[in-house]
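An overview of the molecular structure
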Amino acid sequence: QVQLVESGGGLVQPGGSLTLTCAASGSIFKIRTMGWSRQAPGKQREEVAHITSSGNTNYADSVKGRFTISGDHAKGTLYLQLNNLKPEDTAVYYCFADEILDSGRLAEHWGQGTQVTVLS
């Protein structure tokens, strides 16, 4: 089992920056991919970015050039640097981690979320 706890959300002016942190505990040595998703009111949850255990990253088009994902799987830490924030970035941001089980299947774990609000 993997447990995830996010922190770092807050209220910010347009153009401002925030850093989100996710701390993983439990079977962190079984984590293959970690990432961030977000959910705005009335909208579906969407993936923002992810990073694999080999360091490969992927970003949603809407955040490319503004957000940066980083972390250390071995330590169970994950970060998301949010720059040049826009009101449309307002959402609850969730950390997720894919754990490979003994069966070879993946189990997805989620944190409780942290609110990011960009004033409009």
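Going by the structure above, here's the rest.
What you see is a predicted model, and the numbers here were worked out from it, not measured in a lab.

The next subject is the packing of aromatic side chains. By the definition in use, this model includes two aromatic pairs. Both rings, one in Tyr94 and one in Trp110, keep their centres 6.5 Å apart while their planes meet at 80°; by these two values the pair is edge-to-face. Here the residue Tyr94 occupies a position in strand E9 (residues 91-100), and Trp110 occupies one in strand E10 (residues 106-110), the gap between them amounting to 16 residues. Note on Phe96 and Trp110: the rings are 5.3 Å apart at their centroids and 45° apart in plane angle, and the pair reads as tilted. Of this pair, Phe96 sits in strand E9 while Trp110 sits in strand E10; the two residues are 14 residues apart in sequence, bridging distant segments of the chain.

Okay, the environment of Asp102 next. Its location among the elements puts Asp102 in the loop between E9 and E10. Owing to a relative accessible area of 75%, Asp102 belongs among the exposed residues under this scheme. Note: C-alpha distance between Asp102 and Lys30 (72 residues apart in sequence) is 9.3 Å. At a separation of 3.4 Å, a polar atom in the side chain of Asp102 contacts the side chain of Lys30.

Analysis parameters
Residues numbered from 1 in each chain as written. Predicted model: local features only at pLDDT ≥ 70, side-chain atom pairs only at ≥ 80, totals over all residues. Heavy atoms only, no water. Phe/Tyr/Trp six-rings, centres within 6.5 Å; stacked < 30°, edge-to-face > 60°. Helix = DSSP H or I, 4+ residues; strand = E, 2+ residues; numbered from the N terminus. Buried < 20%, exposed > 50% of the residue type's maximum accessible area, 1.4 Å probe, protein only. Polar contact = N/O pair within 3.5 Å; in protein donor to acceptor, adjacent residues only side chain to side chain.

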